[in-house]
Amino acid sequence: MKLCVALDNDSMKENLALALTLKDYDIWLKVGFRSYIRDGKYFLEELKKINPNFKIFLDLKLYDIPNTMADAAQEISKLGVDMFNVHASAGKIAMKEVMNRIKDIPNRPLVLAVTALTSFDNESFKDIYNEDITEKATSFARDSYEAGLDGVVCSAFESLDIKNNISSDFITLTPGIRPFGEDAGDQQRVADINFAFEQHVDFIVVGRPIYKALNPSEVVKRILERL
Ligand code: C5P
């Protein structure tokens, strides 16, 4: 299991300072909407300067018509990031188009599909999709697998189901992780490290419990000791 730290601080300066304190760890860094919209490619380059071995997950959750998604995927592949994501609800055709467009790029980034956002509970999910969250997450995961993606972003509660029903090699990356039972914030379906292990999760994403901690490096160290 790998740790992916969400760089969701208020400014690039704070995010770079955080990355600097974590420079000796074998971790992934997650760059989301806010940072990328504000700080763009320059931010990615600065992170790689701090430690060229940092792996970067660009969490932009693409959702658009197939051609536009594939265009964006092609541009993302030029940024030197190691992983990015799309929404599975954009559909199988769009996901296939994305994979088709980047398949021949050497060292192409891994591509994951978001199944159900971890901020949804079953009721709020049903309001939109009219289906049970676990079943629909698994069916989104199957679509993503059939479209040739590398894995899914899902909650820890869906990971094992996806591994059992689809493929044990299909990557699961789970946000909403509170490693040692910290405050959930706006997340509805949170899990700790032990549960993530039981669910055969490949990547845990941890944001606030790390970047809001008094000593983020200490928290990362404790997490890595458990992995
Ligand atoms: O602070 P916290 O650990 O809750 O951060 C989780 C991170 O994972 C945030 O950056 C959030 O945008 C992201 N994320 C999520 N749920 C998803 C996909 C991404 O919480 N389904």
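Scroll up to find the structure.
Residues numbered from 1 in each chain as written. Predicted model: local features only at pLDDT ≥ 70, side-chain atom pairs only at ≥ 80, totals over all residues. Heavy atoms only, no water.

**Thoughts on the packing of aromatic side chains**
Turning to step 1, where the next piece is worked out: Summed over the entire model, instances satisfying the criterion amount to 6 aromatic pairs.
Turning to step 2, where the next piece is worked out: Considering the side-chain rings of Phe120 and Phe125, the 5.7 Å spacing of their centres and the 80° angle between planes classify their relative orientation as edge-to-face. In this pair, the class of Phe120 matches that of Phe125, namely buried.
Turning to step 3, where the next piece is worked out: Arranged with centres 4.5 Å apart and planes meeting at 25°, the rings of Phe125 and Tyr129 form a pair that is stacked. Taken together, the positions of Phe125 and Tyr129, both in helix H5 (residues 122-129) and 4 residues apart, correspond to about one turn of that helix. (Phe/Tyr/Trp six-rings, centres within 6.5 Å; stacked < 30°, edge-to-face > 60°. Buried < 20%, exposed > 50% of the residue type's maximum accessible area, 1.4 Å probe, protein only. Helix = DSSP H or I, 4+ residues; strand = E, 2+ residues; numbered from the N terminus.)

**Digging into the packing of helix H6 (residues 133-146) against helix H7 (residues 156-165)**
Pairs of packed helices are described in terms of their axes, by the angle between the two and the distance that separates them.
Turning to step 1, where the next piece is worked out: Interhelical geometry of H6 versus H7 gives an angle of 45° and a closest axis separation of 10 Å. The orientation of H6 relative to H7 falls into the category oblique. The two elements H6 and H7 cross, and the hand of that crossing is right-handed. Taking contact as the criterion, the partners of Ile133, Thr134, Ala137, Thr138, Ala141 and Arg142 in H6 are, on H7, Glu158, Asp161, Ile162 and Asn165.
Turning to step 2, where the next piece is worked out: Class assignment of the residues belonging to the contact of H6 with H7 gives a composition of 4 nonpolar, 3 polar and 3 charged. (Axes fitted to C-alpha atoms, helices over the stretch in contact; angles between N-to-C directions. Parallel < 35°, antiparallel > 145°, perpendicular 65-115°, else oblique. Left-handed = near helix turned anticlockwise from the far one by under 90°. Contact = heavy atoms within 4.5 Å. Nonpolar A, V, L, I, M, F, W, Y, C, P; charged D, E, K, R; others polar.)

**What about the pattern of salt bridges?**
Oppositely charged side chains are able to pair whenever their charged atoms sit close together.
Turning to step 1, where the next piece is worked out: In this structure the tally under the stated criterion is 16 salt bridges.
Turning to step 2, where the next piece is worked out: Here Arg34 ties to Asp10 by a salt bridge, and the two come within 3.0 Å at their closest N and O atoms. Of the two residues, Arg34 sits in helix H2 (residues 33-50) while Asp10 sits in the loop between strand S1 (2-6) and helix H1 (12-21), which places them 24 residues apart along the sequence.
Turning to step 3, where the next piece is worked out: One salt bridge in this structure joins Arg101 and Asp71, with 2.8 Å as the shortest N-O distance. On the criterion of sequence distance, the pair formed by Arg101 in helix H4 (residues 92-102) and Asp71 in helix H3 (residues 66-77) is long-range, its members being 30 residues apart.
Turning to step 4, where the next piece is worked out: Residue classification places Arg101 among the partly exposed positions, given a relative accessible area of 23%.
Turning to step 5, where the next piece is worked out: The partly exposed category is assigned to Asp71, whose relative accessible area is 35%.
Turning to step 6, where the next piece is worked out: In the salt-bridge network here, residues are joined through shared partners; they are Lys30, Asp59 and Lys61. (Salt bridge = Lys/Arg side-chain N within 4 Å of Asp/Glu carboxyl O.)

Remember that the coordinates give geometry; whether it matters functionally is a separate question.
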